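# Fold and contact review
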Amino acid sequence: MEKYQKLIRQLFDYYQKYLQGKEKAIKLTIISFLSRGHVLIEDNPGLGKTTLAIAIAKSMGLTFGRIQCTNDLLPTDVTGLNIFNKEKNEFEFKKGPIFNNIVLIDEINRATPKTQSALLEAMGEKQVTVEGSTYNLPKPFFVIATQNPSESFGTFPLPESQLDRFLMKISIGYPRREEELDILRGGSSRKGIYESKSVISSEDVLEMIQYIKTHITVKDNILEYIMDLVDKTRNHPQIAIGLSTRAALSIVNAARSSAFINGRDYVIPEDILDYYQYTMLHRMTFKEKLTSSEKLGILTSMVKTTKLPYA
C-alpha cells in the first residue's frame, strides 16, 4: 500500500501544478478511473474539460483520443472501418479514435442514437464490433464524456442504458477568483501538459487497478448498507426507475477506490456518503419533472434516513 500511496501523491502533485481550481473534479475523475468506470461531465464550455482529460492521459503515460460529436457523426467515425488495401488485395481494419486509453467524447448528446449505441458497447464491453469482427480496446480504457446543460436544440438525450454506463456524473464549475486570476496571468496550461513527462507508468496504473479490485475489503455490513440505499430508490413513490445492479456494483467499486486513495485497505461509510450524489442521482428516473436540486433533495433525504452500518 505504501508504494501505491506514493504513486497517488505523485499524480495529485502533477494535477495541482497544471489544473488550478479543479481539485474536486480531479478526485472524482480519478476515483472513477481507478474503479474501471467512466465519467460524464455536464458543464458549460471553456471550463477545462479537455485539459483535464489530456492531463490524466499524460500523467500516466497513456494514449489520448478525442471525438467531437455532431449530428452527422457515424459509428465508423468512432470505431474505425475496413479499408481495401490494393497492394495486399484485402481489407484492413483502420482503428478509430476509440482505440485509446483515455477518450474524450465531447458533447455526447449531439451524436445520433445509432452512434451512441456504438459507444455503449465500447464503454460496457471494452470492445467494438465492426462488420461482424470484434476488436478489444486497450487496457486501461476510460471515457470522459461531456454534455452542455444549456444546449437543447439538435441534441439526443442519453437513454437510461447509456447513463447507467457512467460511474459518475459530475461538473467542474467555475474556479475561485484567485485561481482564475492565476490562470489569466499564466495563460493556458495545455502546452505545458503536452510537454510534460508522465509521473507514473501505464504498468503502475494497471497494477493499482488490480490491487483495488482484489485487496480492498468491503465488509458485509457495508454491502447491506448499500443494498438498503438501493432498495429505497426502487420503492420510493416519486421514483419510476431505481438503481440497477450495475449501479450498486459501481457504488462498491467507487468506495473501494476512495478507500485506496485515502490509504485504507477497507471501506467505511464515508467512502459512500462522500460521493453518493455523483454515483446515484443520474441513474434514477423520477415520475415527475423536477429540478436538479429537488432530485438531489429527495436522494439526500433517503440517504440521511438510512441507518448507518454498525462499527
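Scroll up to find the structure this text is about.
The following refers to the structure shown. (Residues numbered from 1 in each chain as written. Predicted model: local features only at pLDDT ≥ 70, side-chain atom pairs only at ≥ 80, totals over all residues. Heavy atoms only, no water.)

### What to know about the overall build of the protein chain
Condition: The helix and strand labels rest on DSSP assignments: H or I over at least four residues marks a helix, E over at least two residues marks a strand, and numbering proceeds from the N terminus. As a reference, a globule follows 2.2 Å times the number of residues to the power 0.38, and the radius of gyration itself is taken over C-alpha atoms. Three labels apply to residues, based on accessible area from a 1.4 Å probe with only protein chains included: buried if under 20% of the type maximum, exposed if over 50%, partly exposed otherwise in between.
Scanning the protein chain from N- to C-terminus turns up 14 helices and eleven strands. For the protein chain, whose C-alpha radius of gyration is 20 Å, the value lies close to the compact-globule estimate of 19 Å for 311 residues. Projected onto its principal axes, the C-alpha coordinates of the protein chain cover approximately 70 × 45 × 40 Å. Residue burial in the protein chain is summarised as follows: out of 311 residues, 50% are buried.

### A closer look at the environment of Lys22
Put simply, the rule reads: For this analysis, residues touch if any pair of their heavy atoms sits within 4.5 Å.
Take Lys22: it is sitting in the loop between helix H1 (2–18) and helix H2 (23–34). Owing to a relative accessible area of 12%, Lys22 belongs among the buried residues under this scheme. Distance from Lys22 to Ser59, taken between C-alpha atoms, is 16 Å for residues 37 residues apart in sequence. Among all residues touching Lys22, those that are not within four sequence positions of it are Leu47, Gly48 and Ile172.

### Re empty space enclosed by the protein
How we decide: Buriedness for pockets is judged along seven lines, at least five of which must meet protein on both sides within 12 Å for an open set on the 1 Å grid over protein atoms alone, while cavities are sets there where a 1.4 Å probe fits but cannot get out, and lining residues have an atom within 4 Å of a point. Grid points are joined across faces, edges and corners, and a volume is the space filled by probe spheres set on the points. Under the scheme applied here, ten amino acids are nonpolar (Ala, Val, Leu, Ile, Met, Phe, Trp, Tyr, Cys and Pro), four are charged (Asp, Glu, Lys and Arg), and all others, including Gly, are polar.
This structure, assessed with the given rule, holds two cavities of 30 Å³ or more. By volume, the largest cavity is sized at about 40 Å³. Looking at the largest cavity, the residues that line it are Leu34, Ser35, Arg36, Ile209, Ile212, Lys213, Asn253 and Arg256. Secondary structure elements with two or more residues in the lining of the largest cavity: helix H9 (202–215) and helix H11 (245–261). The element contributing the most residues to the lining of the largest cavity is H9, with three residues. Residues that form the lining of the largest cavity fall into these classes: three nonpolar, two polar and three charged. Around the second largest cavity, the lining residues are Ile251, Ala254, Ala255, Asp271, Ile272, Tyr275 and Thr279. The biggest single contributor to the lining of the second largest cavity is H11, with three residues.

### Looking at the layout of surface pockets
Picture a little ball the size of a water molecule; that probe, rolled over the atoms, points out where space is still empty. There is about 1,100 Å³ of room inside the largest pocket. Along the walls of the largest pocket sit 35 residues, with Glu42, Lys169, His282, Ser292 and Lys295 positioned nearest its centre. Those elements that provide at least two residues to the lining of the largest pocket are H2, helix H6 (160–163), strand E9 (168–170), helix H13 (276–280), strand E11 (285–286) and helix H14 (292–304). Residue composition of the lining of the largest pocket, by class: 16 nonpolar, ten polar and nine charged. By volume, the second largest pocket is sized at about 660 Å³. Around the second largest pocket sit 29 residues that line it, and Ser35, Arg36, Gly37, Met123 and Lys126 are the ones nearest its centre. Put simply, the parts of the chain that give the lining of the second largest pocket at least two residues each are helix H5 (113–125), H9 and H11.

### Details of H11
Note the threshold: Here a helix's expected span is defined as the number of its residues, less one, multiplied by 1.5 Å. Think of a polar contact as two N or O atoms within 3.5 Å of one another; within protein, one of them needs to be a possible hydrogen donor and the other a possible acceptor, and neighboring residues in sequence only count if both atoms come from side chains.
Over its 17 residues, H11 runs 25 Å from end to end, which matches the ideal 24 Å to within 8%, given 1.5 Å per residue. By the criterion of burial, H11 is predominantly enclosed, with 14 of the 17 residues buried. N-cap assignment for H11: the residue whose side-chain oxygen lies 3.4 Å from the backbone N of Arg246 is Ser244. Looking one or two residues beyond H11, the residue adopting positive phi is Gly263, at roughly 80 degrees.

### Quick word on the pattern of salt bridges
We apply this condition: We count a salt bridge whenever a side-chain nitrogen from Lys or Arg sits within 4 Å of a carboxyl oxygen from Asp or Glu.
All chains considered together, the criterion is met by eight salt bridges. Of the charged contacts, one joins Asp164 and Arg246 as a salt bridge, the two residues approaching to 2.8 Å between their closest N and O atoms. Note that Asp164 is positioned in the loop between H6 and E9 and Arg246 in helix H11, a separation of 82 residues in sequence. By relative accessible area, which is 10% here, Asp164 ends up buried. Salt bridges sharing common partners tie together Asp164, Arg246 and Arg283.

### Remarks on the sheet that holds strand E8 (residues 142–147)
Where we set the bar: The criterion for strand pairing is that DSSP finds at least two bridges linking the strands in question. Lines are fitted to the C-alpha atoms to define the axes, a helix being fitted only along its stretch in contact, and any angle between axes, read from their N-to-C directions, falls within 0 to 180 degrees.
Spatially, five strands are ordered E2-E5-E8-E1-E9 in an open sheet, and the strand pairing comes out parallel. Whereas interior strands pair on both sides, the edge strands pair on one side only; in this sheet they are strand E2 (64–68) and E9. For this sheet the average axis-to-axis angle between neighbouring strands, irrespective of direction, equals 20 degrees. By the bridge criterion, three bridges tie strand E1 (residues 39–42) to E9 in an arrangement that is parallel. Bridge pairing links Val39 to Met168 in E9.

### Let's talk about the packing of aromatic side chains
Operational definition: A pair of Phe, Tyr and Trp rings is counted when the ring centres sit within 6.5 Å of each other, with Trp represented by its six-membered ring. The angle between the planes then sorts it: under 30 degrees is stacked, over 60 is edge-to-face, the rest tilted.
Inspection of the entire model under this criterion finds ten aromatic pairs. Geometrically, the ring pair formed by Phe84 and Phe91 is edge-to-face, given 5.1 Å between the ring centres and 65 degrees between the ring planes. Between the aromatic rings of Phe93 and Phe99, the centroid separation amounts to 5.8 Å while the plane-to-plane angle is 70 degrees, which identifies the pairing as edge-to-face. On the basis of relative accessibility, which here comes to 12%, the residue Phe99 falls in the buried class.

Geometry only, nothing functional implied.
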